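What follows is the residue order along each chain.
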Amino acid sequence: MARLKNKVTVITGAARGQGRSHAVHMAAEGADIIALDICSDIATTPNPLATEADLDETRRLVEEAGRRIVTVKADVRDRRQLTDGLDDAVAKLGGLDVIVANAGISAFGPGVPVQGFVDAFDVDFIGVVNTITAGLPHLKPGSSVVAIGSIAALASQVNRSDGLGLQGPGAAGYGLAKSMLCDYTKSLALVLAEQRIRVNAVHPTNVDTDMLHIEAIYRTFRPDLPNPTRTDAEVGFTFMHAIPVPYVDPADISHAVVYLASDESRYVTGQQLFVDAGAALKAGL
């Protein structure tokens, strides 16, 4: 239980969902955590985002695991704000070894305005670039960068013709952002290889978090019903997977993140790891 002993990790979107799970699992493996989150809503997202109380709960859980944590309220779209907050946190914890660029939003649904495209792309791609850019000056040989993508990067999941595509400007921004992470992480991995800094991406399928469980997504996966419930939507969720499950748990993604952050993956770089219950396999990709 010490695969990340004395490593310092920054995690964006750490107040809840996948980000909190990564923080807790990495702390359990010995890492100290810089937990960063916007802790406020973005108007075009159909669901409320995390709060300062959520970020405080992440703090409590990490401290319960016996590790140090610095929480930072910052918007990943604002590079200066992000850099200032990260620099201060790194000074407090004495270094930085791992970057987990996890923060993401969805803005799915036909009623989302064009601004939803801008917001989704800016958080889901520009936010990743800003996070990594802010953290790079602190990294040393042996460090690891992990970007959290999506199976939307596999194919045009947002424009499918079978009725299961996620529609609207926000969905288009989300899909573009996640697909661009593949080339970005591969290129960056090649650039940083000489410095022995690894760069990889993890692409989950649907994950059982607040981001998934919204009316717009339920309606997308069950367009045959006027008011689909979570149980109704799970039928559609399951259909996209080779392994017959509706979604994976945040811990399933965290296990992959821990591996890529640890020295066990010291020669693994430029990889796209799909934790997708066989969604790519079923799609023939």
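Computed from a prediction, not measured in an experiment: that's the story for all the values here.

1. Some words on the environment of Y184
Assignment of secondary structure puts Y184 in helix α5 (residues 169-192). For Y184, a relative accessible area of 19% translates into the label buried. Sequence separation between Y184 and V129 is 55 residues; the distance between their C-alpha atoms is 8.7 Å. If sequence neighbours within four positions are ignored, Y184 has contacts with F125, V128, V129 and I132.

2. A short note on the sheet that holds strand β5 (residues 144-148)
Strand order across the open sheet formed by seven strands is β3-β2-β1-β4-β5-β6-β7, with parallel pairing between neighbours. Every interior strand has two partners, whereas the edge strands, β3 (69-73) and β7 (272-275), have only one. On average, each strand axis in the sheet is inclined to that of its neighbour by 15 degrees, with strand direction left out of account. Pairing geometry for strand β1 (residues 8-12) and strand β4 (residues 98-101), over three bridges, is parallel. Paired with T9 across the bridge in β4 is V98. Taken strand by strand, helix α1 (residues 17-28) contacts β1, β2 (32-37), β4, β5 and β6 (198-204), and its axis lies near 170 degrees from that of β1. In this fold helix α2 (residues 52-64) packs onto β2 and β3, with an angle of close to 170 degrees to the strand it touches most, β3.

3. Some details on the pairing of β5
Burial analysis of β5 places five of its five residues in the buried class, the great majority of the element. Neither face of β5 is exposed, since S144, V146 and I148 on one face and V145 and A147 on the opposite face are all buried. As for the winding sense of the linkage, the β-α-β connection from β4 through helix α4 (residues 115-135) to β5 is right-handed. Here β5 runs beside β6; their pairing, made up of five bridges, is parallel. Bridge pairing in β6 links S144 to R198.

Conventions adopted
- Residues numbered from 1 in each chain as written.
- Predicted model: local features only at pLDDT ≥ 70, side-chain atom pairs only at ≥ 80, totals over all residues.
- Heavy atoms only, no water.
- Helix = DSSP H or I, 4+ residues; strand = E, 2+ residues; numbered from the N terminus.
- Buried < 20%, exposed > 50% of the residue type's maximum accessible area, 1.4 Å probe, protein only.
- Contact = heavy atoms within 4.5 Å.
- Pairing = 2+ DSSP bridges.
- Axes fitted to C-alpha atoms, helices over the stretch in contact; angles between N-to-C directions.
- Right-handed = clockwise from strand over helix to strand, strands pointing away.

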